Number of protein chains: 2
Amino acid sequence: MTLPRIVIERCHYLARCSQDAGAITRPFATDAMRCANELAGEWMREAGMAVRRDNVGNLIGRFEGIGDATLLLGSHLDSIRDAGKYDGPLGVNVAIAAVQRLHDQGRRLPFAIEVLGFADEEGLRFGSTYLGSRATAGTFDRADLDRVDADGVTMREAISAFGGDPDHLEDDRWQGGRLLGYCEVHIEQGPVLEERDLPVGVVSGIAAQERYSITFRGVAGHAGTVPMDRRHDALVAASLFIETAEGYAQWHEGLVATVGQLTVRPGAANVIPGEVTLTLDVRHAIDDELAVASSSLLAIASDIGKHRGIGVTTTKVSEHRAVRCDPLLVSLMSRAIADSGIPVAALASGAGHDAVAMSELTEVAMLFVRCKRGVSHNPAESVTTEDVAVAIDVLTRFLELLAAPTSA
Amino acid sequence: MTLPRIVIERCHYLARCSQDAGAITRPFATDAMRCANELAGEWMREAGMAVRRDNVGNLIGRFEGIGDATLLLGSHLDSIRDAGKYDGPLGVNVAIAAVQRLHDQGRRLPFAIEVLGFADEEGLRFGSTYLGSRATAGTFDRADLDRVDADGVTMREAISAFGGDPDHLEDDRWQGGRLLGYCEVHIEQGPVLEERDLPVGVVSGIAAQERYSITFRGVAGHAGTVPMDRRHDALVAASLFIETAEGYAQWHEGLVATVGQLTVRPGAANVIPGEVTLTLDVRHAIDDELAVASSSLLAIASDIGKHRGIGVTTTKVSEHRAVRCDPLLVSLMSRAIADSGIPVAALASGAGHDAVAMSELTEVAMLFVRCKRGVSHNPAESVTTEDVAVAIDVLTRFLELLAAPTSA
């Protein structure tokens, strides 16, 4: 069986490590994650790696090199609820496959490779993203240990029960000497590669992102008795905002703005909505552009409120700055793509990835793999064996170029 | 103590009959309703009435007259969750007060009066409105008996447990001979009387009403990776509809259109909404106007969907035709208002009332009482003792006019 086929099969095997029957749901520090770590650990050993885990629960396979430097590869092994098979596992398995190829050829590179299977990127269980990679990067926030899951279990308890020591998470920070960088293979989760008919693309950077909670407070009232011109309908105000936000984003190149959650109170068919709370997610590859867009959108919400006698309050829920992929790593990845006979396309990533957290530790790069119709966070996630073959080839070539950049 | 003050106090007493501590929640066939029926039954007896209950749980007090005809008065004793004190109880207590005045004066009218305290108008427990008045009108739908409440109790079981016989609900139909009509006093639940500085107004009719469930089906996707021009965002389409529906209603005199419930799926901050379901409530005093408005609004929803590549499905959830109040009763009520020294204002009721169900049995009329800021379905419901005094006077005068219409 060929390596690309093996990678696909392994993603299918991992899909069986789930806490839900009939769906893929693999939260942090659960039996489903233990199952995934055991499988991936076995595959790492087969590829000649020494396997260990750290306190937070990351799986780490080390393939020794000749020199003292280390290159980090990897992605995450946890999943959202009712996930697809490839978001996360593909990157871990392509990295293992590239090491397997070196191992099969009996080759050693002038640097060690560590393949990381991060314990929590999606944050399904505790609502806290990049848990695994933040531990590796040394930016784990100890306050997160007090978070509780839906069953009232604290993160501290969950880490202990999973076999880690929550009091020594700072030991998880990578400390193996000189780092060459972190490189992550991931499905694109968007439609761009498919539209350009390309199997892979190099990522130029990861978009800056801000998330807000916006509440519109109007006056609830009887749907039959309050005339239209007397209403302060919170949902109509919110609707105006949603529509305007879409228009604003459409007119600003590279900007995406999404209202993904919305709740209406009191939420009865015969009551005029008194209060609406919604989320606004805004992203742009350039920090300054994002800042301008966010403040404009919040001002629009506020103006709509003023115009309609509706109170508007906004809270910033989260933010992260744009991450620029390392120019040297990007140029090597681009050459690796070109050397594989594929036109080089550079994409900005609108989604966050472990590379965001890892950028605090070292230089980062990413290779995107085409996914069917751009669908992700969905059981319908799909990649082809042919595209996986290209990804393995490109990553292998990237390792060769990094090993001998001047001669390549 | 004056009668108006007693009426207000009795509404406060009834507020203590609740299944929630600290809030008024009085669902059909519960201990809270038993409490309300016991109190109101006592007040009816004090006013010289013979008191009974029927199978569905309506409380009925009969004040005998001289002739063979009967006039029905009343309103409902059940409530929504976290209700106000006056929606329903005010009408029952004003009716009892008017009878009390006759009783105190030792007067008998040429017709009997029956005061009805309906067992369920709001439909909180079983999602079925006008349960009590439909039983009285003989239009109770036996299929409703299989409805279950949130605890899995069927309506049939609830009626039995409350002391009624669910197999003989047809006996609840009013069968006491010639009827003069049904007259209901109720808070306005809207701001019109307050704006016109009037304590009461006569109702010309009850608006026709249609309720729809509309679903917008787009394509869910990652909020960071799908460019704006590739999206089929169900919530943006729904927002366009909500805004357009408001505009449409504003430009059509007498029309109200409300989207009161809205749910987004999957409903995550970082996922483009794939599906939105909302309710549309449309009302107009004229059946034909409502029909035109509803079909226009549904066509707008459909057009928005076509324009945006979003599937739109609509389901009619409920409808009732406009109810015209009886011209004779309306003219007597108008004279009673004028005789009380109040300018006569005729209002269409946008809210449904027991009078809707009762119109299947007999002629109906309604008297609206001003409520503070038009607030209803809310603990902040408020009426003044002065306005209640006017309502009692007007209802008393109405009874006199009905007793001797030619001489009055």
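Residues numbered from 1 in each chain as written. Chains lettered and ligands numbered in written order. Predicted model: local features only at pLDDT ≥ 70, side-chain atom pairs only at ≥ 80, totals over all residues. Heavy atoms only, no water.

**Student:** Please clarify how the relation of the copies chain B and chain A should be interpreted in this entry.
**Tutor:** These two copies of the chain differ by a rotation about an axis and a displacement along the same axis. For the pair chain B and chain A, the best superposition has an RMSD of 0.1 Å and corresponds to a rotation of 180° with a translation of 0.1 Å parallel to the axis. The superposition of one copy onto the other is thereby described by a two-fold rotation axis. Considering only C-alpha atoms, the part of chain B nearest the rotation axis is Ser239(B), at 2.2 Å. Residue by residue, 100% of the interface of chain B is reproduced at the interface of chain A, so both copies engage with the same surface. (Least-squares fit on C-alpha atoms with pLDDT ≥ 70 in both. Contact = heavy atoms within 4.5 Å.)

**Student:** What exactly am I supposed to notice about the nonpolar core here?
**Tutor:** Across soluble globular proteins, nonpolar side chains show a tendency to be buried alongside one another. Ile113(A), Val115(A) and Phe398(A) are the most contacted members of the largest nonpolar core, which totals 101 residues. The element best represented in this core is helix H11 (residues 385–403) of chain A, accounting for 10 residues. Those residues in contact with Phe398(A) that sit more than four places away from it in its chain are Leu71(A), Cys183(A), Leu329(A), Leu332(A), Met333(A) and Ala336(A). Ranked by size, the runner-up nonpolar core spans 99 residues in total, among them Val99(B), Leu116(B), Met366(B) and Cys371(B). (Core = buried A, V, L, I, M, F, W, Y, C linked by side-chain atoms within 4.5 Å. Buried < 20%, exposed > 50% of the residue type's maximum accessible area, 1.4 Å probe, protein only. Helix = DSSP H or I, 4+ residues; strand = E, 2+ residues; numbered from the N terminus.)

**Student:** Is there a simple way to think about the state of the cysteines in this case?
**Tutor:** What is meant by a disulfide is a covalent connection between two cysteines, made through their sulfur atoms. All names here are of chain A. Per the stated rule, a full pass over the model turns up two disulfides over all chains. Disulfide pairing places cysteine 17 opposite cysteine 35 at an S-S distance of 1.9 Å. Note on the cysteine 17 and cysteine 35 pair: the S-S dihedral is about -60°, so by sign convention the disulfide is left-handed. Separated by 18 residues along the polypeptide, cysteine 17 in the loop between helix H1 (3–15) and helix H2 (31–46) and cysteine 35 in helix H2 bring together distant segments of the chain. Residue classification places cysteine 17 among the buried positions, given a relative accessible area of 1%. Left without a disulfide partner, cysteine 11 is nearest to the cysteine sulfur of cysteine 17, which lies 12 Å away. (Disulfide = S-S within 2.5 Å.)

**Student:** What is the right way to read the interface of chain B and chain A from this model?
**Tutor:** Accessible area lost on assembly of the parts is the figure often given for the size of an interface. Contacts between the two partners involve 47 residues from chain B and, on the opposite side, 47 residues from chain A. Carbon and sulfur atoms make up 60% of the surface buried where chain B meets chain A, a total of about 4100 Å² over both sides. There are four salt bridges connecting chain B and chain A. The interface formed by chain B and chain A contains 12 residue pairs in polar contact (both at pLDDT 80 or more). (Buried area = accessible area lost by both parts, 1.4 Å probe. Salt bridge = Lys/Arg side-chain N within 4 Å of Asp/Glu carboxyl O. Polar contact = N/O pair within 3.5 Å; in protein donor to acceptor, adjacent residues only side chain to side chain.)

**Student:** Please clarify how unusual backbone geometry should be interpreted in this entry.
**Tutor:** What is expected of a backbone is that most residues other than glycine have negative phi and most peptide bonds are trans. Following Arg265(A), the chain continues into Pro266(A) via a peptide bond in cis, with omega recorded as 0°. A positive phi angle, near 60°, is found at Asp197(B), a position not held by glycine. With respect to the helices, strands and loops of the structure, Asp197(B) is situated in the loop between helix H6 (192–196) and strand S6 (200–206). Its identity is not glycine, yet His377(B) carries a phi of approximately 55°, on the positive side.

**Student:** When you look at the pairing of strand S16 (residues 364–369) of chain A in this model, what are you seeing that I'm missing?
**Tutor:** A regular strand carries its side chains on alternate faces of the sheet. Residue and element names in this part refer to chain A. With six of six residues buried, S16 lies mostly within the body of the structure. Of the two faces of S16, the one holding Val364, Met366 and Phe368 and the one holding Ala365, Leu367 and Val369 are both buried throughout. Where strand S5 (residues 179–187) lies against S16, six bridges are found, and the strand directions are parallel. Bridge pairing in S16 places tyrosine 182 opposite valine 364. Relative to S16, strand S6 (residues 200–206) is paired through three bridges, and the arrangement is antiparallel. In the sheet register, valine 202 faces S16, and the bridge partner there is leucine 367. (Pairing = 2+ DSSP bridges.)

**Student:** Would you explain the confidence of the model for chain A in this entry?
**Tutor:** Predicted coordinates in areas of low pLDDT are best not read in detail. Put simply, chain A has an average pLDDT of 95, and 99% of its residues get 70 or more. Two numbers describe this predicted complex: its pTM, 0.82, and its ipTM, 0.82. (pLDDT = per-residue confidence, 0-100.)

**Student:** Is there a simple way to explain the packing of aromatic side chains in this structure?
**Tutor:** Two descriptors summarise a pair of aromatic rings, namely the distance from one centre to the other and the angle between the planes of the rings. Residues and elements named next belong to chain B. Evaluation of the coordinates by the stated rule reveals six aromatic pairs over all chains. For the ring pair phenylalanine 216 and phenylalanine 241, a centre distance of 6.0 Å and an interplane angle of 45° mean the geometry is tilted. Taken together, the residues phenylalanine 216 in strand S7 (residues 208–217) and phenylalanine 241 in helix H7 (residues 234–250) connect sequence positions 25 residues apart. Phenylalanine 241 carries the same exposure label as phenylalanine 216, and that label is buried. (Phe/Tyr/Trp six-rings, centres within 6.5 Å; stacked < 30°, edge-to-face > 60°.)

**Student:** Explain the side chain of Thr70(A) here, please?
**Tutor:** All names here are of chain A. Within the secondary structure layout, threonine 70 lies in strand S3 (residues 69–76). A polar side-chain atom of threonine 70 sits 3.4 Å from a polar atom in the side chain of arginine 62. Those residues in contact with threonine 70 that sit more than four places away from it in its chain are Arg62, Phe111, Ala112, Glu114, Trp174, Gly176, Arg178, Leu179, Leu180 and Gly181.

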